[in-house]
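Notes for the structure review
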Amino acid sequence: MKMPSLSCLGFATLSLLAQGCSSSSSQPSSTAMTILPISDGWQFRNVADSSWLPASVPGTVHTDLLQNGVIEDPFYRTNERDLQWIDKTDWEYRTAFEVTPDAFSKKNNRLVFKGLDTYADVYLNDQLLLKADNFFRSWEADAKPFLKEGTNQLRIYFHSPIKIGLEKLEALGYPLPASNDQSRIGGLGDKQVSIFTRKPGYHFGWDWGPRLVTSGIWQPIELHVWDDLHITDLFFQQISVSEDKAQLNARFEVESAGSFTTTFEVRDGNKTLLKTKAQVKPGIQEVVIPLTINRPKRWWTRELGEPFLYDLTGSVSIGKQIVDSKTHAVGLRTLRIVQKPHDKGSSFYVELNGVPVFAKGANYIPNDVFIPRVTDAQYEYLISSAVDAHMNMLRVWGGGFYEKDLFYDLCDRNGILVWQDFMFACSMYPGDTAFLENVRQEATENVRRLRNHPSIALWCGNNENDVAWAQYDENRGWGWKQQYNKTQRAEIWRAYEKVFHEMLPSVVEANAPGTFYWPSSPYEAPGKHSTDKSTSGDIHYWGVWHGGQPFSEFRNNIGRFMSEYGFQSFPEFNTVKKYTLPEDWDIESEVMASHQRSGIGNLRIRNYMAQHFHVPARFEDQLYVGQLLQAESIKEAIEAHRIAMPYCMGSLYWQINDCWPVASWSGMDYYQNWKALHYAVKKAFEPVLLAAQIDGDTVNVYGVSDLLKDQPADLQMELLDFEGNKLGSWDRRVTLAAQSTTRMSSMALNSVLSQTDSAKCVLRLHLSDEGKELASALVYFLPPKDLDLPEAPDVQVKSKRLGDSVQLVLSTGKLAKNVYLQWDGVEGFFSENYFDLLPGTEKTLTFTPKDKGLQPDADQLRIQSLVDTY
């Protein structure tokens, strides 16, 4: 059977016709294009089984099996191990949908599949419509030859990605490196097949995620019906942007069924910015309309200004009838990555509208193994949590997927930049013609899809592939290249160069001209691999955690842009209880080990814990102290990076979120509960940071400012004992330099402590101007395990209702370190938590229940501090 061809990918650029010009054209017969969703009545089955079960679309095989009671929760205890058969099975989905006489009569009937996972044969009325082989692409085909008026049958056959992967592995003749592919859990031994299939790498397992290789319809399916013309793409290309003027090209890509005289219009809301005529021909073509906006409002990250967005709508009309339109939220800005040579390497930072930006943020992974069940509310909460923590950048990491439009819309609205990886991570990939063409199509589609978003700061080729292979240094890398003979090594590296040094940069430049492309992360320069000591490019520093180095090494390993570093913790006890039984409550239990995918994992946490804290006996307390440990680690790293500004201009820790309930590097657990880390990051990323470093016998106090102007301020330093008695004080009038670091005080350690026992005191720092607090900090002179903390601090609480929230005012007569608040039986959010409460002070915060109508019982508020774990 001959398959119908897909739509032509080539196009011609047309010249515009002046207003009022005339030319011969077809007579229009259409109104606007209609989109008909195909989302109801879906069923699925194992192809070896004759019985069909209800299915949800969008969805996955795993979630459909779960909803039908065929399998248990994959995240509970060790259930994951029992579900590895699913990815070795072929699955089939089907539904019926109605086509009305009006829809059927349209000249064009096109089926659009926004996401198929992954190897899929699509049949319409038992006729093969298309074959799909890439999770990251959308697919569409002309349905007209097979469509019927009335009831139509749509069926999709999903081939096992494992079976196909094994076939590709055998055809290649040798394995490719894939460090995080958990093939042994999948029953494949050492046969790692993730690299052969264009789907999220983390589905095959990672060092923070399970191995659950999905199949299914993960994005909507739609029938598009239209007569004469529709807009296939609209790109508002920014040519130049200044305070006075923004010059753009509105690039319409249209598909026409005939020759028409058309009117193209661009509006900002209800205001027409430009209207002009153009003659279109049959087929796909581009119409380019120059556009000027005077005195534009520019888009900024939130700490620099307003992330202003224009709602620009482009429409095309035939006669007086608008036949199609598209709207984009457009942020006008200039953005470049500045790599300026210095005597110590080269800079690497974002410059936004001419202003240098210190990137503050985190690495981001998918919010769930089962992507379709992530709700809009979850996306919104994650981005609002990033905003609350003063972040201005998230890195979309290359082992996940090109995120849904909503993610980028939220970043646009909230002034958060996106470091966008292409979807390659910790692996080497094939270089055959079919694979390369598939990647080219994938990259082109996604660059075009995302190019209107002002949040996109750069495109990066891959995660860690360059340093793992280390082509230019025989003694570096992860031991990959040494596994291959000379011919194989040449083949593997040539495939790498084709994708990451040839294809992807050309795709970016062709489809998003002027957007910065970075071949890999980390990366130093052409022919140079990033190291912990690189003075150019970006660095992934893992000496702390993987290398077992002390936290102090964060201060000795600082690069121009720290795009990865991290430290693990357990999720909170309420989260752990959701995937365990009481018999599992031991960090070395089988279940806790299964929910820990870093090989050194839970014992590494405990070993570091012993260096900084008393290791608690109770399991629940170990979870709590583990979170304090993680928070202290990342706080020390962020402070070191920010103090090194402007030499260092970026700090993105690993990672903000989780894809399942697990011990990991995340600051928010799978259920989006803030860990101690996220509270610590919120303070460490404040626009003005006050921090101290003890360097030998000297106490240095630094002020770090993101402010655009110099800031005069009063620095107050007080040495207090743990009962609140003042043991010494020092005041300074200082000027905080704009967008820089200022060392505001340098004092001899013995003069600060004098005769005071360093185990019984804390240095309180306070920075203010005209009575307004700019920043504050507490500095201890010893690790928590060596502090002589007061026993049983009596924390007092006053509460009152404030709308949907409860206001809490806490006070104490002696130091309560790392106060942790929980409301038994009530899920909700504390505006502050895991904080130190000093005597003679009050801490005011709010608690907001997830159930807004709930009235929490004050008697159920639990208050814990560090000394309670002794």
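Further up the page is the structure itself.
Report follows, based on the coordinates. (Residues numbered from 1 in each chain as written. Predicted model: local features only at pLDDT ≥ 70, side-chain atom pairs only at ≥ 80, totals over all residues. Heavy atoms only, no water.)

**Comments concerning the overall build of the protein**
Regarding its fold elements, the protein presents 14 helices and 49 strands. Computed over its C-alpha atoms, the radius of gyration of the protein comes to 29 Å, within 12% of the 29 Å expected for a compact globule of 870 residues. If one aligns the C-alpha atoms of the protein with their principal axes, the spans along those axes are about 95 × 65 × 65 Å. In the protein, which comprises 870 residues, the share counted as buried stands at 60%. Here the protein has roughly 33400 Å² of accessible surface; of this, 47% comes from carbon and sulfur atoms. (Helix = DSSP H or I, 4+ residues; strand = E, 2+ residues; numbered from the N terminus. Rg over C-alpha atoms; globule rule 2.2 N^0.38 Å. Buried < 20%, exposed > 50% of the residue type's maximum accessible area, 1.4 Å probe, protein only. Areas by Shrake-Rupley, 256 points an atom, 1.4 Å probe, with all protein chains shown as cover.)

**So, the pairing of strand 31 (residues 456–460)**
With respect to burial, strand 31 is a largely interior element, 5 of its 5 residues being buried. Across 4 bridges, strand 30 (residues 417–421) lies against strand 31 in parallel orientation. Each bridged residue has a counterpart across the sheet, and for Q420 the counterpart in strand 31 is W459. Tracing the backbone out of strand 30, into helix 6 (residues 433–450) and back to the parallel element strand 31 gives a crossover that is right-handed. (Pairing = 2+ DSSP bridges. Right-handed = clockwise from strand over helix to strand, strands pointing away.)

**Observations concerning the state of the cysteines**
Applying the stated rule across the entire model yields 0 disulfides. Counting only cysteine sulfurs, C426 is the nearest neighbor of C460, a cysteine outside any disulfide, at a range of 12 Å. Between C659, a free cysteine, and C426, which holds the nearest cysteine sulfur, the sulfur-to-sulfur gap is 14 Å. Residue C659 is classed as buried on the basis of its relative accessible area of 0%. (Disulfide = S-S within 2.5 Å.)

**A short note on the packing of aromatic side chains**
Applying the stated criterion across every chain yields a total of 64 aromatic pairs. Between F407 and Y408, the ring centres sit 5.2 Å apart and the planes meet at 85°, which makes this aromatic pair edge-to-face. Site record: aromatic cluster; members linked through ring pairs are F135, F136, W218, F401, Y402, F422, W459 and Y517. Directly above the ring of W52 sits R94, whose terminal nitrogen or CZ lies 3.9 Å from the centroid. (Phe/Tyr/Trp six-rings, centres within 6.5 Å; stacked < 30°, edge-to-face > 60°. Lys NZ or Arg CZ within 6 Å of the ring centre and 35° of its normal.)

**Quick word on the sheet that holds strand 3 (residues 43–46)**
The strand order across the open sheet built from 6 strands is 4-3-5-11-8-9, with neighbouring strands paired in antiparallel fashion. Where the open sheet ends on each side, the last strands, each with one partner, are strand 4 (53–54) and strand 9 (127–133). Relative to strand 9, strand 8 (residues 119–124) runs antiparallel, the two sharing 6 bridges. The residue bridging V122 from the neighbouring strand is L130, located in strand 9.

**What about helix 12 (residues 619–643)?**
Helix length check: helix 12 (25 residues) gives 36 Å between terminal C-alpha atoms against 36 Å at 1.5 Å per residue, within 8%. With 23 of 25 residues buried, helix 12 is to be regarded as a mostly interior element. (Expected span 1.5 Å × (residues − 1).)

**Observations concerning the pattern of salt bridges**
Taken as a whole and judged by the stated rule, the model has 51 salt bridges. The partner of E255 in a salt bridge is R110, with the nearest N and O atoms 2.7 Å apart. Within this pair, whereas E255 is found in strand 17 (residues 245–256), its partner R110 is found in strand 6 (residues 108–113), the two being separated by 145 residues in sequence. Ionic pairing is found between R489 and E474, a salt bridge with its closest N-O pair at 2.9 Å. Placement of the pair is R489 in helix 8 (residues 486–511) and E474 in the loop between helix 7 (465–469) and helix 8, with a sequence separation of 15 residues. For R489, a relative accessible area of 22% translates into the label partly exposed. (Salt bridge = Lys/Arg side-chain N within 4 Å of Asp/Glu carboxyl O.)

**Notes on the sheet that holds strand 19 (residues 271–280)**
Overall, antiparallel pairing links the 4 strands, which are arranged 19-18-21-22 in an open sheet. In this open sheet, the two edge strands, each paired with only one partner strand, are strand 19 and strand 22 (321–330). Along the sheet, successive strands turn relative to each other by an average axial angle of 20°, direction set aside. Relative to strand 21 (residues 310–318), strand 18 (residues 260–268) is paired through 7 bridges, and the arrangement is antiparallel. Within strand 21, the position partnered with V266 by the bridge is G314. (Axes fitted to C-alpha atoms, helices over the stretch in contact; angles between N-to-C directions.)

**So, the side chain of T95**
Counting through the fold element by element, T95 comes out in strand 5 (residues 91–99). Within the structure, the side chain of T95 is placed 3.2 Å from the backbone oxygen of G41, a separation counted as a polar contact. Setting aside residues no more than four positions away along its own chain, T95 makes contact with I38, D40, G41, W42, N152, Q153 and L154. (Polar contact = N/O pair within 3.5 Å; in protein donor to acceptor, adjacent residues only side chain to side chain. Contact = heavy atoms within 4.5 Å.)

**Concerning helix 6**
In this model, helix 6 (18 residues) spans 26 Å end to end at C-alpha, consistent with the 26 Å of a helix rising 1.5 Å per residue. All buried positions along helix 6 are accounted for by F435, L436, N438, V439, Q441, E442, A443, T444, N446, V447, R448 and L450.

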